[in-house]
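Read off the chains here:
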Amino acid sequence: MAGWRPSLLALALIGLAAQAVAAEERAFDVPGGALSTALPQLSRQAGVSISVADGQLWQADVRPVRGRMDVEDALKRLLAGTGARAVRVNGTSWRIERSPPLPRQVRRAAPSASPQRRAREPARDVVAAAQDEIVVTASKTDLPYARFAGVVTRLDGDDLAFGGERGTESILSRVATISSTHLGSGRNKLFIRGLADSSFTGPTQATVGQYLGDIRLSYNAPDPDLRLYDIDSVEILEGPQGTLYGAGSLGGIIRTLPRAPDPRQSSVQAVAGLSLVQHGDPGGDGAGIANLPVGDRHALRLVGYMISDGGYIDNPLTGQKDVNRVHVRGGRGTFRLDPGDDWTIDIGGVYQAITSDDAQYADKDGAPLTRRSMVQQNATARYAMGSIVVMKDWGALHFQSSNAYVDHRLFERFDASLPTATRPGNDGDPGAIVGAVDVVDLFAPLEVVPMTGVPRVLDQRNRTRMFVSENRLSRPYHDGFGWVIGASFIDNRARQDREYAYGPLRAILPGVTNRITEVTGYAEATVELLPDLMASGGLRLSRARLGGAAEGVPFALAQANRATTASRTETDLLSSFSLLAAPLDNVRVYARYQEGFRPGGLAVDGRFVQRFHNDRVRTWEAGMRLGDKERGLLDASLSVSHTRWRDIQADFIDSNGFPTTANIGDGRITSVSGAVAIRPTSALTFDFGAVYNHSRVDDLSLQIRPIFDIAPARLGRIPNVASHAVRGAVTYATMVGDEDVRINGWANYIGPSRLGIGPVLGESQGDYVDTGIAMRVGNARRGLSLTFTNLFDSRGNRFSLGTPFVEGNEGFMTPLRPRTLRLGIDVAY
């Protein structure tokens, strides 16, 4: 008997050690996706063995797991929403199995309130995925959504690609609070919550910050419209995010999270589709995705795609049909190095080129889907980025350094045809056509020479080069406390050149170069003051050096502009504060204050260059969230925000008929938004969302009043944002035999809005309904899909700007893409 004592003692010690291993907090960085891809990474990072009882669960979509936590919490997050649970086998082994069906009253009950559960210690061995919380990685402290004071929308990457990849359009169709201009793919500006500045691609910085992972995509360039292949998720944070994200996040941020390379398993995926456009040409798309392990700890992930969207606009003047075809080709690659000792290095690259054969607008008073234009209005957008991201975990701390170089080029051609030929004289319109080597005063009076219309184009070239670096140290939120402190550096160079062209002849117009170098430090912390009360606060200090130059002007004018283009510095201090309370189970109420700003710059005004100053927003917001559709029948949210916008930077048409930029005055925006998700059964989900925006420019600047010659009260609301929008969607997913069947239908109503500021851009737009339905039958290995968009083949008017450079530019509209059918196939190995 005595011989058994050492053995029993050894077994006890082993058991205690195993429990200690299971309860030990570890650093996890596991991407979402298929369980077969994510589980080996979690197992390796946790140092435990994990088996799967049901082979079909290997293809389940799981959520990413990032931050410091024990194995139990990591599995809990991973399996959220999958209908699976993790059962502890012993201290170093777990088994994943399907969750047994629970009565509704048991699912509503709080587990911690049950004395029987407390008495049964083994109850902690069962990790119910339905009790997980969404983690807001954009908070930079991995803050659980239940503890985040604000509105966050998380879109699953597979949902965005379901039924065919549509880039930013996929996001717009799912979020009522996001709006966009519609000049064309790669040329649009995005807005959130009514903070919109203009319709043009000018020198002003965007009002929405766009990120790929933790890398800023652009500074003052349009939305690059990167295609969302192989994306884990997209996070949208509404309202100013100045403390964490700095300049250019006045309306909010859109953060796209690509899937990370997986060193444990090779995989190959392919997607292809054929599209038929009513009243237009057919199109097609294809993409390939590969994950290639390199050794035991490194991996390479590659994505490549080509898309051709058929045109549907006819030009009766030239006899051409379906002129506005769009070609997209691009790719993305990431090589992940794991040097050991909790270091991770990601080296990545992105390239995409978009070519539009012609413009997508039509004549408002002409035949449907037609435009009488004497010239072809093609456009090309090229986006390239190289990045390196270094990560390291030290105990409870996480360090990350994100660095990138971006080269973004945009060429646009606008119709600037004249109804009559002109030459320098005493009266007439600007726009003389001269020899290619001549530079003339384009704003001198012209003498009109009657004859037939003169085809002429205005070419505009924008090039942006940006280097960005952000370095931060954080304590990911746990045990009621989290913080982040960081510093960033941005160097951005943006040049805009313009010229008239008439056949081989050229007339150079004034252009401008803007330069900005910005250094920033920031900090933010979240603390649990009481069990049901959270507080967050932060500060950001930015110092920017601004400069630039006039381009394409005579030497004398360049000298005259020197005082305006001279370098100067700006210093901005931003603050944020929020409170969140949980007065009832599954009920959250919050109040939030946040600031944002954009630095100033230079813009062309006639033959001269003028400065515009920085603008600034202050937003007060209150809201409530109720329930969780992953755990119960209902998930709802409501928010009310009020924004004061000082010295608004906006583009408008000057007295010479050209777009320019200035601080137009002050404005205010009140926004009310809400969303409801109802899940009556495990297979059926209803989603509804709505937003109401009340905005107005209420204090016109003295500089602008003579140009508009209009009373401030008549300026109306801020442009390009619908006064109201409503969206609804229904999703049904079930099993038929061994195949998954999923159907998703949606309808979006976009209310009326105004094109721009001032009488020239006072055209109305919007007030239309967009619809669609997508279906897929298959499994994780293969599938067939069928998608219909614009079910009722409605026209609508998405955007009233065609070209600002022709007489009568108020007669344009941008119709919805006609009814389109796409048949797709996807395979994975």
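Residues numbered from 1 in each chain as written. Predicted model: local features only at pLDDT ≥ 70, side-chain atom pairs only at ≥ 80, totals over all residues. Heavy atoms only, no water.

Secondary structure assignment for the protein chain yields 11 helices and 47 strands. Looking at the protein chain as a whole, 56% of its 829 residues are labelled buried. Within the protein chain, counting contacts between residues at least 6 apart in sequence, those at least 24 apart form 67% of the total. Surface exposure of the protein chain reaches about 33600 Å², of which carbon and sulfur atoms provide 58%. (Helix = DSSP H or I, 4+ residues; strand = E, 2+ residues; numbered from the N terminus. Buried < 20%, exposed > 50% of the residue type's maximum accessible area, 1.4 Å probe, protein only. Contact = heavy atoms within 4.5 Å. Areas by Shrake-Rupley, 256 points an atom, 1.4 Å probe, with all protein chains shown as cover.)

Once that is clear, we can look at the environment of Val151. Position of Val151 relative to the elements: it lies in the loop between β10 (143-144) and β11 (152-156). Judged by relative accessible area, Val151 falls into the buried class, the value being 13%. Linking Val151 and Leu237, residues 86 residues apart in sequence, is a C-alpha distance of 6.1 Å. Ignoring anything within four residues of it in the chain, the contact list for Val151 reads Arg193, Ile236, Leu237, Glu238, Tyr590, Glu621 and Ser639.

It is worth spelling out the sheet that holds strand β16 (residues 231-238) at this point. One open sheet accounts for 5 strands, arranged β11-β16-β17-β14-β15; its pairing is mixed. Edge positions in the sheet fall to β11 and β15 (215-216), since each of these pairs with one other strand and no more. As judged from the 2 bridges shared by strand β14 (residues 208-212) and β15, these two strands associate in the antiparallel manner. Bridging from a neighbouring strand, Tyr211 pairs with Arg216 of β15. (Pairing = 2+ DSSP bridges.)

Moving on to helix α3 (residues 71-78). Three- or four-residue spacings in an α-helix give side chains the same orientation, since the helix completes a turn every 3.6 residues. Of all the 8 residues making up α3, 6 are buried; the element is thus mostly covered by neighbouring parts of the structure. For α3, the full list of buried residues reads Val71, Glu72, Ala74, Leu75, Arg77 and Leu78.

Before going further, it helps to examine a nonpolar patch on the surface. On the surface, Phe481, Val527, Leu529, Leu530, Phe577 and Leu579 cluster together to form a nonpolar patch covering roughly 510 Å² of accessible area. Elements supplying a minimum of two residues to the nonpolar patch: β30 (505-530) and β32 (568-584). Of the residues forming the nonpolar patch, the biggest block, 3 residues, is contributed by β30. With respect to the helices, strands and loops of the structure, Leu530 is situated in strand β30. (Patch = residues over 30% accessible without salt bridge, like charges linked within 9 Å, V, L, I, M, F, W, Y side chains within 5 Å. Salt bridge = Lys/Arg side-chain N within 4 Å of Asp/Glu carboxyl O.)

In this section: helix α2 (residues 35-46). Counted at 1.5 Å a residue, the expected span for α2 with its 12 residues is 16 Å, and the 16 Å between its end C-alpha atoms agrees. Considered for burial, the residues of α2 that qualify are Leu35, Ser36, Ala38, Leu39, Pro40, Gln41, Leu42, Ser43, Gln45 and Ala46. Immediately downstream of α2, the backbone of Gly47 shows phi near 75 degrees, a positive value. (Expected span 1.5 Å × (residues − 1).)

So, about the pairing of β16. Most of β16 sits out of view: 8 of its 8 residues are buried. Both β11 and β16 contribute to a ladder of 5 bridges, which runs antiparallel. Looking at β16, one finds that Arg154 is bridged to Glu235. Bridging between β16 and strand β17 (residues 252-258) involves 7 bridges; their strand directions are antiparallel.

Residues of the protein chain with pLDDT of at least 70 account for 82%, and the chain-wide mean is 83. Scored below 50 in pLDDT, residues 102-132 makes 41 contacts in the model with residues more than four places away or belonging to other chains. Here residues 421-452 scores under 50 on pLDDT; set against residues more than four positions off or in separate chains, the count is 72 contacts. (pLDDT = per-residue confidence, 0-100.)

This next bit is on the packing of α2 against α3. Where α2 contacts α3, the axes come no closer than 11 Å and their chain directions differ by 170 degrees. Between α2 and α3, the angle is such that the two are roughly antiparallel. On the side of α2, the interface is formed by Leu35, Ala38, Leu39, Leu42 and Ala46, while α3 contributes Val71, Ala74, Leu75 and Leu78. When its residues are assigned to classes, the contact of α2 with α3 shows 9 nonpolar, no polar and no charged. (Axes fitted to C-alpha atoms, helices over the stretch in contact; angles between N-to-C directions. Parallel < 35°, antiparallel > 145°, perpendicular 65-115°, else oblique. Nonpolar A, V, L, I, M, F, W, Y, C, P; charged D, E, K, R; others polar.)

A word on the pattern of salt bridges. Taken as a whole, this structure holds 45 salt bridges when the rule is applied. Taking the shortest distance from any N to any O, the salt bridge between Asp158 and Arg259 comes out at 2.9 Å. Remark: Arg259 occurs in the loop between β17 and β18 (267-277) and Asp158 occurs in helix α6 (residues 157-161); sequence separation between them is 101 residues. Asp214 is the partner of Arg472 in a salt bridge, and the nearest nitrogen-oxygen pair spans 3.3 Å. On the criterion of sequence distance, the pair formed by Arg472 in strand β28 (residues 457-478) and Asp214 in the loop between β14 and β15 is long-range, its members being 258 residues apart. Here Arg472 matches Asp214 in class, with each residue buried. Ionic contacts of the salt-bridge type, sharing partners, join the residues Lys140, Asp214, Glu235, Arg255, Glu470 and Arg472 into one network.

Here we come to the nonpolar core. Judged by nonpolar contacts, the single largest core of 23 residues is most densely connected at Phe28, Leu35, Leu42, Ile50, Val65, Leu78 and Ile96. Taken together, the elements giving at least two residues each to this core come down to β1 (26-30), α2, β3 (49-52), β5 (65-69), α3, β6 (84-90) and β7 (93-98). Of all the elements, α2 adds the most residues to this core, at 5 residues. In this view, Val65 contacts Phe28, Asp29, Val30, Leu42, Ala74, Arg77 and Leu78; residues no more than four positions away in its chain are not counted. Counting residues in each nonpolar core, the second largest holds 21 residues, with Leu217, Ala247, Tyr383 and Val389 among its members. (Core = buried A, V, L, I, M, F, W, Y, C linked by side-chain atoms within 4.5 Å.)

Before going further, it helps to spend a moment on the packing of aromatic side chains. Under the defined criterion, the tally for this structure stands at 7 aromatic pairs. Measuring from centroid to centroid gives 5.0 Å for Tyr211 and Tyr245, while their planes differ by 65 degrees, and the two rings are edge-to-face. Within this pair, whereas Tyr211 is found in strand β14, its partner Tyr245 is found in helix α8 (residues 242-245), the two being separated by 34 residues in sequence. When sorted by exposure, Tyr211 lands in the same class as Tyr245, which is buried. Following the ring pairs from residue to residue traces out a cluster consisting of Trp343, Trp394 and Phe399. Over the aromatic face of Tyr245 sits the side chain of Lys140, whose NZ or CZ is 4.4 Å from the ring centroid. Between the NZ or CZ atom of Arg742 and the centre of the ring of Phe162, over which it lies, the distance is 4.4 Å. (Phe/Tyr/Trp six-rings, centres within 6.5 Å; stacked < 30°, edge-to-face > 60°. Lys NZ or Arg CZ within 6 Å of the ring centre and 35° of its normal.)

What follows deals with the pairing of strand β45 (residues 782-789). Here β45 shows a buried face lined by Gly783, Ser785, Thr787 and Thr789 and an unburied face lined by Arg782, Leu784, Leu786 and Phe788. Here 7 bridges tie strand β44 (residues 764-778) to β45, and the two strands are oriented antiparallel to one another. Directly across from Ile773, in β45, lies its bridge partner Phe788. In this structure, the hairpin formed by β44 and β45 is closed by a connection of 3 residues. Pairing geometry for β45 and strand β47 (residues 820-828), over 8 bridges, is antiparallel. Of the residues in β47, the one forming a bridge with Ser785 is Gly824.

For the rest of this paragraph, the subject is the environment of Gly480. Positionally, Gly480 belongs in the loop between β28 and β29 (481-502). Owing to a relative accessible area of 10%, Gly480 belongs among the buried residues under this scheme. Apart from the residues lying within four places of it in its own chain, the contact partners of Gly480 are Thr526, Val527 and Glu528.

Another point: unusual backbone geometry. Non-glycine residue Asp142 carries a positive phi angle of around 50 degrees. Position of Asp142 relative to the elements: it lies in the loop between β9 (135-136) and β10. Overall, the relative accessible area of 13% leaves Asp142 in the buried class. Notably, His279 is not glycine yet its phi reads approximately 65 degrees, a positive angle. On the basis of relative accessible area, His279 is assigned to the partly exposed category, the value being 39%.

Here we take up the environment of Gly665. As for its position among the elements, Gly665 is in strand β40 (residues 665-678). Excluding anything up to four places from it in sequence, Gly665 contacts Trp645, Arg646, Asp647, Ile648, Asp699, Leu700 and Ser701.

Another aspect to go through is the side chain of Asp314. Secondary-structure assignment places Asp314 in the loop between β20 (298-309) and β21 (326-340). Not counting residues up to four positions away in its chain, the partners in contact with Asp314 are Gln320, Lys321, Asp322, Leu369, Thr370 and Arg371.

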